[in-house]
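The residues making up each chain are set out below.
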Amino acid sequence: MKSLHFSVINEAYPGEKFRNLFGKNWPAYRAWYLDEGEAIRPSYLDCIQAFKHHMPELYPLYRDIVKLVDGDDLQARFLTLYCPPPFFSGCSQLTSNTQTPILIRNYDFPPILCEGVVSCSQWLGKKVVAMADCVWGALDGMNESGLAVSIAYGGRLVKGEGFGVTIVIRYILETCATVEEAIAVFQRIPIHLDYNIALIDASGHQVTVYIAPDREVVVTQEQASTNHQDPIVPGQALFLADTGIRLDALNHLVLMDRDPTQDISSRFLYPPLYRPHANHNSGTLYTAVYYPSQGQIRYLWPTAQININFMDLSAATEQEITIFYDN
Amino acid sequence: MLRRLITILKKQFGFSDHQDNNKTELNNGGTIEMQDKIKLKGLSDIYRFFRKNQTPIYFVSPTAYNVLGIGQWVQSFQYVTFFDSFDGGHFRIVNPKLNSEREFQSMEEMVNYLLSHKETVDLLEENAHKCENGSKGKLLTVMFDEKTEEIAASLGLEMALPPAKLRQHIDSKIVTTQLANDAGVPSAPNLFDVKASSYEELCALAEKHHLGRNLVVQTPYGDSGKTTFFIRSEADWDKNAKKIVGETLKIMKYINHIPGTVEAVATRCGTLVGPLQTDITGYEELTPYKGGWCGNDIFPELLKGKQHDKIIAMVKAMGDKLYETGYRGAFCFDYLVDTDDGEVYLGEINPRISGASPLTNLVTSKYGGAPLILFHLLEFMDVDFEIDIEEIQKRWSDYGSWTQLVLKHTQDKVRMISKAPQSGIWQMKDDGDIEFIRHSIDWSNVGDENNAFYMRVYGEGEYSYLGADMGILVSCGRMQSDDRELLPRAHSWINAINRQFEFKNLEDLEQPYIPDQGVRKML
């Protein structure tokens, strides 16, 4: 039976806990980073120049992190997430402001490739809760201003020169307060693959942003996205065959959401949104529910949940849970 | 206090050649009379200048060999090399670590890798406070390209070398021949800037210019070994036609000759010429490549008199011509001595620091008190100087014999090195075996002909393969006879060094990285 251990870690600034996480995850990331050979990854100089240029506010933190983990050339290059090897995941995500602003998403991936770490931090002043990726990047998350964001791979298999999206999500969570600010970041920073981004802020402003290395950023009022960007053409192969089915299910949920008696987040725990590991290589690993105006976060599984409240982030927030996935 | 202020101002304004007014506006509107611009006059000034030099100078290359020992003359000189030949025993070397496997396709790629590495970038940061004019220091290397220049610029480093574009231009054998002709420097009878699409066409061209039927044909770029073709018959043409047709050619009359090399430095005061060297090439004990370069020697008896003086004059004229084109600093001039009639000719120019540089610097510093490369550096430092070229060059007119041998791996077998001789001074014993007598970071401790300095390139845990530069041996005395035979002592040293290596055969599963041809030439 597949399983994944989730831990909520609370550390205001990178320290002992961060170093341990990096040490634990580095061997796997190293193998991934060197997947296509070392020469194909940009040099340290290229990495830090791109990083300094595009995310200057984050650069001092980057320097501290590299120092903290005593990072060598390869580790320092990896940590910039500049032009990393491709990574693809399946996801479903939905934003709604009908009742109260909410962002719900399923993250679908092989359990062995997920860190399972919810990181609670205050690195640049803002409190941020995020599902970690590449140790300091984020798959989804929310900050104390109430900006919530999550990503779904866009499925077009195009590749360009830019950053791994998860470090840009981190940058947005650290430096932005509103959807408008976040959109400006996507318009400014190059990202190396195509993604569908769900964004909502405390005021209820919600958008889905489509980004791709070969296209202009497209900002839409759509509330739901899965793993495709273009209209589905019958007979044409998709990155994930069920992306259309899941999008239909999400759009149905959007309609249901007008009924105040419905809790739509629980629908993410059932197919077709929930992708059982028995049928899918990338099964659903967790459901994240962000409530921007209330400062609340829930991580859901069919048999468990974790609740986090921005009001009382403390050492007591830390918890651990092992999730067993169906075979 | 005022003097100190003036000094600081001078540092800030950096006084370029074009700045001819002696007054500088201060922020408060006042002016201060400036002292005359500093000009180094003669060797004592130059020694002092480099002894006190604070501007970091980085030599970035696969090994430190080409300018080994210069750190003793130049304060703030730092080697950044791929190979750790000294096992951490050299206080001026940084070896940025490759934390995975990688196949470098050329020396330029390796240099660019080293420059962009975190350890180098960190080192530059650490030294940044030493710089006076806002730059992070100077960059010296053997092989580089325009990408290197870009990286250097983004690091804030100034190239202590002529521009890559100019070097590339001069490197063309066609351009070299034209420049030499303009400077009155003779090449072996030739015609150039021509094309030939068939053997008949080639012969017709040769006949018209009285070059005979025994020809040497060169294409503009590349190592002479790969772009020089000896054509005596139609069969020779057919064998090489693919690489010749369509190219712009230099066609030469074949002459029986002795090849040699001399390193020189083109400066604003004229061209300084180092001692003449002969090439050591093609010995199967040292290289698997037919005609491949495997070292040089320097000895005072080489080409005394007219031939010697003529070559020196040719090199000077060539250097001055290069300087006119904008080229500055070190270059290496390959000469040919026609053994039939004693004529001397230009072979080709290598517009860079080269494999001839180590012996040149060894002799010019040991016997003449100033390594030639110092004048190359001087040309790229932000200081004016005035030197009497003749006077300085005279200093190395009397010197001893020295030899460098580059030991390549001559077996076509990939093995892991389990033991390698270490860098330092080795001594030859009566029984023909050698003994490690002391650690040394250069050859200055080599005392007599029973001593040699060995600098290891590949060490324990690395792989040997056909053509790998395993190490370099520097010894006083000659290793090659006038008739171009290896002397018995050369055989003794080569065998003895080779005996110091131990290898482990590879399991079938092990897939070591074997460098591409382009990077096999490390020096």
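Refer to the structure presented above.
What counts, and where the lines are drawn
- Residues numbered from 1 in each chain as written.
- Chains lettered and ligands numbered in written order.
- Predicted model: local features only at pLDDT ≥ 70, side-chain atom pairs only at ≥ 80, totals over all residues.
- Heavy atoms only, no water.
- Core = buried A, V, L, I, M, F, W, Y, C linked by side-chain atoms within 4.5 Å.
- Buried < 20%, exposed > 50% of the residue type's maximum accessible area, 1.4 Å probe, protein only.
- Contact = heavy atoms within 4.5 Å.
- Buried area = accessible area lost by both parts, 1.4 Å probe.
- Salt bridge = Lys/Arg side-chain N within 4 Å of Asp/Glu carboxyl O.
- Patch = residues over 30% accessible without salt bridge, like charges linked within 9 Å, V, L, I, M, F, W, Y side chains within 5 Å.
- Areas by Shrake-Rupley, 256 points an atom, 1.4 Å probe, with all protein chains shown as cover.
- Lys, Arg positive; Asp, Glu negative; His and termini not counted.
- Charge placed at Lys NZ, Arg CZ, Asp CG, Glu CD.
- Helix = DSSP H or I, 4+ residues; strand = E, 2+ residues; numbered from the N terminus.
- Polar contact = N/O pair within 3.5 Å; in protein donor to acceptor, adjacent residues only side chain to side chain.
- Pairing = 2+ DSSP bridges.
- Axes fitted to C-alpha atoms, helices over the stretch in contact; angles between N-to-C directions.
- Parallel < 35°, antiparallel > 145°, perpendicular 65-115°, else oblique.
- Nonpolar A, V, L, I, M, F, W, Y, C, P; charged D, E, K, R; others polar.
- Phe/Tyr/Trp six-rings, centres within 6.5 Å; stacked < 30°, edge-to-face > 60°.
- Lys NZ or Arg CZ within 6 Å of the ring centre and 35° of its normal.

A word on the nonpolar core
Turning to step 1, where the next piece is worked out: Core analysis: the largest hydrophobic core is formed by 208 residues, its most contacted members being A:Trp136, A:Leu199, A:Tyr299 and B:Phe375.
Turning to step 2, where the next piece is worked out: If you look at the next biggest cluster of nonpolar residues, it comprises 28 residues, including B:Ile170, B:Val175, B:Tyr335 and B:Val344.

Side note on the interface of chain B and chain A
Turning to step 1, where the next piece is worked out: Opposite the 15 residues of chain B that make contact, chain A presents 17 residues.
Turning to step 2, where the next piece is worked out: Between chain B and chain A, a total of about 1,200 Å² is buried, with carbon and sulfur atoms accounting for 55% of that surface.
Turning to step 3, where the next piece is worked out: The largest share of the area that chain B buries against chain A comes from B:Asn99, B:Ser116 and B:Lys118, three residues that together contribute 46% of it.
Turning to step 4, where the next piece is worked out: Put simply, chain B and chain A have one salt bridge between them.

Some details on a negative patch on the surface
Residues and elements named next belong to chain B.
Turning to step 1, where the next piece is worked out: Residues Glu 200, Glu 201, Glu 234 and Asp 238 make up a contiguous surface patch of negative charge.
Turning to step 2, where the next piece is worked out: For the negative patch, the elements supplying multiple residues, two or more each, are helix 8 (199–208) and helix 10 (234–244).
Turning to step 3, where the next piece is worked out: Within the secondary structure, Glu 200 sits in helix 8.

Topic: the side chain of B:Ser85
All names here are of chain B.
Turning to step 1, where the next piece is worked out: Within the secondary structure layout, Ser 85 lies in the loop between strand 5 (77–81) and strand 6 (93–94).
Turning to step 2, where the next piece is worked out: A polar side-chain atom of Ser 85 sits 2.6 Å from the main-chain carbonyl oxygen of Arg 456.
Turning to step 3, where the next piece is worked out: Excluding its chain neighbours within four sequence positions, the residues that come into contact with Ser 85 are Ser 423, Met 455, Arg 456 and Val 457.

So, the sheet that holds strand 4 (residues 57–61) of chain B
Residues and elements named next belong to chain B.
Turning to step 1, where the next piece is worked out: Sheet architecture is open: five strands sit in the order 6-5-4-7-8, paired in parallel fashion. The open sheet terminates on both sides in strands that have one partner only, identified here as strand 6 and strand 8 (157–159).
Turning to step 2, where the next piece is worked out: Where strand 7 (residues 137–140) lies against strand 8, three bridges are found, and the strand directions are parallel. Within strand 8, the position partnered with Leu 139 by the bridge is Met 159.
Turning to step 3, where the next piece is worked out: Contacts from helix 5 (residues 146–155) reach strand 7 and strand 8, with the element oriented near 145° to strand 8.

So, the packing of helix 3 (residues 107–116) of chain B against helix 5 of chain B
Residues and elements named next belong to chain B.
Turning to step 1, where the next piece is worked out: Direction vectors running N to C along helix 3 and helix 5 enclose 10°, while the axes themselves pass 10 Å from each other. The orientation of helix 3 relative to helix 5 falls into the category roughly parallel. In this structure, helix 3 uses Val 111, Asn 112, Leu 115 and Ser 116 to contact helix 5, whose residues at the interface are Lys 147, Thr 148, Ile 151 and Leu 155.
Turning to step 2, where the next piece is worked out: In terms of residue class, the contact of helix 3 with helix 5 is built from four nonpolar, three polar and one charged.

Things to note about the sheet that holds strand 7 (residues 148–153) of chain A
Residue and element names in this part refer to chain A.
Turning to step 1, where the next piece is worked out: With respect to topology, nine strands assemble into an open sheet ordered 10-9-8-7-6-5-4-1-15, the strand pairing being mixed. Edge positions in the sheet fall to strand 10 (218–220) and strand 15 (319–325), since each of these pairs with one other strand and no more. When strand polarity is set aside, the average angle formed by the axes of neighbouring strands in this sheet is 20°.
Turning to step 2, where the next piece is worked out: Judged from the four bridges that link them, strand 4 (residues 117–121) and strand 5 (residues 128–133) form a sheet pairing that is antiparallel. Across the sheet, residue Ser 121 finds its bridge partner in strand 5, namely Val 128.
Turning to step 3, where the next piece is worked out: Lying over the sheet, helix 5 (residues 165–175) contacts strand 4, strand 5, strand 6 (137–143), strand 7, strand 8 (195–200) and strand 9 (206–211), oriented at roughly 20° with respect to strand 6.

Some words on the packing of aromatic side chains
Turning to step 1, where the next piece is worked out: Within the structure shown, the criterion is met by 40 aromatic pairs over all chains.
Turning to step 2, where the next piece is worked out: Relative to A:Phe163, the ring of A:Tyr82 has its centre 5.0 Å away and its plane inclined at 55°; by these criteria the two rings are tilted. Of this pair, A:Tyr82 sits in the loop between helix 4 (73–80) and strand 2 (90–96) while A:Phe163 is found in the loop between strand 7 and helix 5, placing the two residues 81 residues apart along the sequence.
Turning to step 3, where the next piece is worked out: With a relative accessible area of 0%, A:Phe163 lands in the buried category.
Turning to step 4, where the next piece is worked out: Taking 6.2 Å as the distance between ring centres and 75° as the angle between the ring planes, the aromatic pair formed by A:Tyr286 and A:Tyr299 counts as edge-to-face. In this pair, A:Tyr286 sits in strand 12 (residues 284–291) while A:Tyr299 sits in strand 13 (residues 296–301), placing the two residues 13 residues apart along the sequence.
Turning to step 5, where the next piece is worked out: With relative accessibility at 0%, the residue A:Tyr286 sits in the buried group.
Turning to step 6, where the next piece is worked out: What makes A:Tyr299 buried here is its relative accessible area of 0%.
Turning to step 7, where the next piece is worked out: The ring of B:Tyr254 has B:Arg232 lying over it, and the distance from NZ or CZ to the ring centre is 5.0 Å.
Turning to step 8, where the next piece is worked out: Above the ring of B:Phe299, the side-chain terminus of B:Arg478 is found at 3.4 Å from the ring centroid.

Points about the pairing of strand 13 (residues 257–267) of chain B
All names here are of chain B.
Turning to step 1, where the next piece is worked out: In terms of burial, strand 13 is a largely internal element, nine of the 11 residues being buried.
Turning to step 2, where the next piece is worked out: Direction of pairing for strand 13 relative to strand 15 (residues 277–281): antiparallel, over a ladder of two bridges. Pairing of Gly 260 across the sheet is with Thr 278, part of strand 15.
Turning to step 3, where the next piece is worked out: Here strand 13 runs beside strand 14 (residues 270–273); their pairing, made up of four bridges, is antiparallel. If you follow Ala 264 over to strand 14, its bridge partner there is Val 273.
Turning to step 4, where the next piece is worked out: Linkage of strand 13 to strand 14, two consecutive antiparallel strands, is achieved through a turn of two residues.

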